[in-house]
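Below are the chains, spelled out letter by letter.
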Amino acid sequence: MSETTMPLTFPKEFLWGASTAAHQIEGNNVGSDWWKREYSEKTDLSEPSGDAADSYNRYPDDIGIAASLGLNAYRFSIEWARIEPEMGHFSTAQLLHYRGMIDLCREKGLEPVVTLHHFTHPQWFANRGGWRAPDAVDLFARYVEKVLPIVRDVTWICTINEPNMLAMTRGEEGTEMAAAALPTPDLQISESLVRAHKRAREILGQVPTIRSGWAVATQAFHAMLGCEAETLAYGYPREDFFLEAAAGDDWLGVQAYLRTFIGKDGPVPVPADAEKTLTGWEYFPAALGIGVRHAWELAQHTPILITENGIATAQDSRRIDYTYDALVGLRDAMDDGIDVRGYLHWSLLDNYEWGSYKPTFGLVAWDPDTFVRSPKPSAYWLGEVATSNTLFKPAMP
Ligand code: BGC
């Protein structure tokens, strides 16, 4: 851990929370393209999502736990495949379900941070060509219009989660790939996502109190000696393009986990002797500070919200180490004048990591037979950081 002498405090009103995504915790998201892929005979994934953490039914427990820990914000996503299970058919019951989540957050003193799109699509949307279809943006805009009435009083709305990962994986390959070379993004999809984001912002902008943005995966690209030009060329379509598109938004979500070294022929594998996490990524907490600084420059000083940062590990004390050091880097970036509004840890719960339950990112574990939740020591620690608004190292056991 880094050595610090002064207590590291954070601004009043700083959001301290945890993030989740519908498909990864709700379970039985049967109308989505991911469900179809998980259960197809020729699936490329290790295991399907199934019941996940059953958070669709147990969200009161999850929101209750986040609040009881002392957090003041909860990020979750609304599932398009549930709201519009068939093209043009919108479910009032599902809209009310998510409205119930917003109400409960408020009741428990948690600021809801609501994501409208987190990787999954309705199957019918994917069948029509997904983001490549000529009317994809109109279809997304229509969904956003239908959701608007239930989010009118929500301040923080994220239109699209990690458009850069979406454009790279096209929803066809797992994010496990982030450890290796990432495919070249499909430019048509990238542009379509930017248009979808801008249309969504226009719609949300009808309510002046809504502050909207999108959340980009920052990858802390590092040039190997003499490979600066290759690094720029590699990083631009995979990250910078999306950060630049956020200039002028109400806020920009930064999601940071890792760094990637770029050599003459693209990404260089993580050295064999480096500490690795359960996703195969290098243990690199400085990714957060680096990602924030980069995002701040490229998005021309758009205010930042950390919408994801965390580590897949079975050793919970390592989660605390990682998060502590990541927050030291964040505080340092803030001391240099970067406007950061909050920190939302990934993730509240162990969850379906796009193909496998093995990489455990959660502050809270759950029993697969009973779904009973058990907060880990890291959850209590982050809760105390949140309530004291001060970063401290936990006492050694
Ligand atoms: C995504 C999450 C994912 C996390 C860890 C981000 O790419 O938004 O859905 O679980 O990182 O891989």
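Engineer: Give me the pattern of salt bridges: which residues, what numbers.
Structural biologist: Using the criterion set out here, one finds 24 salt bridges in the structure. Of the charged contacts in the structure, one is a salt bridge between Glu84 and Arg142, with a shortest N-O distance of 3.1 Å. Pair noted here: Glu84 is in the loop between helix H4 (80–83) and helix H5 (92–107) and Arg142 is in helix H7 (residues 136–151), with a separation of 58 residues, a long-range link. A salt bridge links Asp103 to Arg99; the nearest nitrogen and oxygen atoms lie 2.6 Å apart. A residue pair is termed a helical-turn pair when its members lie 3 or 4 positions apart in one helix, as Asp103 and Arg99 do in helix H5 at four residues.

Engineer: Give me the site of the ligand: which residues, what numbers.
Structural biologist: Within the structure, the ligand sits among 13 residues, and Gln24, His118, Glu162, Glu308 and Glu353 are positioned closest to it. The side chain of Glu162 places a nitrogen or oxygen atom 2.7 Å from an oxygen atom of the ligand. Trp354 is positioned such that a nitrogen or oxygen atom in its side chain is 2.9 Å from an oxygen atom of the ligand. Surface burial for the ligand is 98%, taken as the share of its 310 Å² of free accessible area covered by protein chains. For the shell around the ligand, a count of residues per class yields six nonpolar, four polar and three charged.

Engineer: I'd like a description of the sheet that holds strand S7 (residues 221–223), backed by residues and values.
Structural biologist: The sheet built from three strands is open, its strands ordered S7-S9-S10 with mixed pairing. Each edge of the open sheet carries a strand with a single partner, namely S7 and strand S10 (266–268). Adjacent strand axes in the sheet meet at a mean angle of 50°, parallel and antiparallel pairs treated alike. Each of S7, strand S9 (260–263) and S10 touches helix H10 (residues 228–244); the most contacted strand, S7, lies at about 165° to it.

Engineer: I'd like a rundown of the sheet that holds strand S5 (residues 156–161), residues and numbers included.
Structural biologist: Ordered in space as S2-S3-S4-S5-S6-S8-S11-S12, the eight strands form a closed barrel in which the pairing is parallel. Direction aside, neighbouring strands of the sheet carry axes that sit 25° apart on average. Pairing between S5 and strand S6 (residues 211–218): four bridges, direction parallel. For Cys158, the partnering residue across the bridge sits in S6 and is Gly213.

Engineer: Quick rundown of the pairing of strand S3 (residues 73–77)? Include the residues and the values.
Structural biologist: Extensive coverage of S3 is indicated by the burial of five of its five residues. Of the two faces of S3, the one carrying Ala73, Arg75 and Ser77 and the one carrying Tyr74 and Phe76 are both buried. Note: S3 against strand S4 (residues 111–115), five bridges, orientation parallel. Within the sheet, the bridge partner assigned to Phe76 lies in S4 and is Val114.

Engineer: Requested: an account of the packing of aromatic side chains, with residues and values cited.
Structural biologist: Scanning all chains against the criterion turns up 28 aromatic pairs. Ring geometry for Trp281 and Phe361: centres 6.2 Å apart, planes at 55°, overall tilted. Note that Trp281 is positioned in the loop between S10 and helix H11 (287–298) and Phe361 in the loop between strand S12 (340–346) and strand S13 (364–366), a separation of 80 residues in sequence. Since its relative accessible area comes to 9%, Trp281 is described here as buried. With relative accessibility at 1%, the residue Phe361 sits in the buried group. What links up through ring pairs into an aromatic cluster is the set Trp80, Trp124, Phe125, Trp131, Phe140 and Tyr143. Seen from the ring of Tyr283, Arg318 lies directly overhead, with NZ or CZ sitting 4.2 Å from the centre.

Basis of the calculations
Residues numbered from 1 in each chain as written. Predicted model: local features only at pLDDT ≥ 70, side-chain atom pairs only at ≥ 80, totals over all residues. Heavy atoms only, no water. Salt bridge = Lys/Arg side-chain N within 4 Å of Asp/Glu carboxyl O. Helix = DSSP H or I, 4+ residues; strand = E, 2+ residues; numbered from the N terminus. Near = heavy atom within 4 Å. Polar contact = N/O pair within 3.5 Å; in protein donor to acceptor, adjacent residues only side chain to side chain. Areas by Shrake-Rupley, 256 points an atom, 1.4 Å probe, with all protein chains shown as cover. Nonpolar A, V, L, I, M, F, W, Y, C, P; charged D, E, K, R; others polar. Pairing = 2+ DSSP bridges. Axes fitted to C-alpha atoms, helices over the stretch in contact; angles between N-to-C directions. Contact = heavy atoms within 4.5 Å. Buried < 20%, exposed > 50% of the residue type's maximum accessible area, 1.4 Å probe, protein only. Phe/Tyr/Trp six-rings, centres within 6.5 Å; stacked < 30°, edge-to-face > 60°. Lys NZ or Arg CZ within 6 Å of the ring centre and 35° of its normal.

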